[in-house]
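Residue-level structure breakdown
If you want the building blocks of each chain, they are given just below.
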Amino acid sequence: EIRVRGDKKLVVTDKTEYETRALILATGARHRKLAVAGEEKFMGMGVSYCATCDGAFFRGKHVAVVGGGDVALEDALFLARSCEKVYLIHRREMFRGAGILQERVKETENIELVLNSIVQEIRGEEQVSSVLLRNNVDETEHEIAVQGVFIAVGIQPNTIAAEAIVAQDEQGYIIA
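This section reports on the structure supplied with the text. What you see is a predicted model, and the numbers here were worked out from it, not measured in a lab.

A count of helices and strands for the chain gives three helices and 13 strands. For 176 residues, the compact-globule formula gives about 16 Å, and the C-alpha radius of gyration of the chain, at 20 Å, lies well above that figure. With the C-alpha coordinates aligned to their principal axes, the bounding extent of the chain is approximately 60 × 40 × 35 Å. Counting every position in the chain, which comprises 176 residues, the buried fraction comes to 37%. In the chain, the share of contacts with a sequence separation of at least 24, taken over all contacts with a separation of at least 6, comes to 52%. In the form shown here, the chain has an accessible surface area of approximately 10600 Å², with 50% of it arising from carbon and sulfur atoms. For the chain, the distance from the average position of its 21 positive side-chain charges to the average position of its 27 negative side-chain charges is 6 Å.

Next up on the list: the state of the cysteines. Evaluated as defined, the whole model comprises one disulfide. Between the sulfur atoms of C50 and its disulfide partner C53 the distance amounts to 2.1 Å. Its S-S torsion of about 65° marks the bond between C50 and C53 as right-handed, since a negative value means left-handed. Classification of C50 as partly exposed rests on a relative accessible area of 21%. Taking relative accessible area as the criterion, C53 reaches 52% and is therefore assigned exposed. No disulfide involves C83; its nearest neighbouring cysteine sulfur is the one of C50, lying 13 Å away.

The rules behind the values
All residue numbers here refer to positions counted from 1 along the written sequence of the relevant chain. For this predicted model, a pLDDT threshold of at least 70 governs which residues receive local features, and a threshold of 80 or more governs which side-chain atom pairs are given and counted, while totals over whole chains, interfaces and linings are taken from all residues. The basis for every side-chain value is the complete set of non-hydrogen atoms in the structure, without hydrogens or water. We count a stretch as a helix when DSSP gives it H or I for four or more residues in a row; a strand needs E for two or more, and each element gets its number in order from the N terminus. Only C-alpha atoms enter the radius of gyration; for comparison, a globular chain is expected to reach 2.2 Å times N to the power 0.38, where N is the number of residues. Using a 1.4 Å probe on the protein chains alone, a residue whose accessible area is under 20% of its type maximum counts as buried, one over 50% counts as exposed, and one in between counts as partly exposed. Contacts between residues were defined by any pair of non-hydrogen atoms, one from each residue, lying within 4.5 Å. Method for areas: the Shrake-Rupley scheme with a 1.4 Å probe, in which residue coverage is limited to the protein chains shown. Asp and Glu count as negative and Lys and Arg as positive, but His and the ends of the chain are not part of the count. Note on charges: their place is set at NZ of Lys, CZ of Arg, CG of Asp or CD of Glu. Cysteine sulfur atoms are paired as a disulfide whenever they fall within 2.5 Å.

Right, here's the structure in full:
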């Protein structure tokens, strides 16, 4: 816990307390999650947040990339080099990523765009075998067979411990 005491900061740990005039926060960030059924269960068993780290495990397979920004587009392009099929799933009609990346994705034969769709569930037994999607325009659901799901929907700063002492924006980043 971090507390402000006048012009000093008090850092409280399990074992002791530290009082200081200055405090450097280097809390890092974590991958933003979809928070859907199966995501936690299959983490490391088909669910990944890093295409360059884990993509080689899916060579010749069908995979899904979830997201619409630069990272998702880059991940889809990277995976398309070694995977048989890449489904790029995005909740909107348009991507937010750079135009040049969007063009490259659209030109890549083994990338299939699945737009206006939200992952409802990641399914499988021991490993990922499919994703259940809901189209947010017509509300229909359909399932796509995949062996891997790469989630690229952003990062989340680890700043909760500092929320009482510094201003943060709506996403939790500290305002400098």
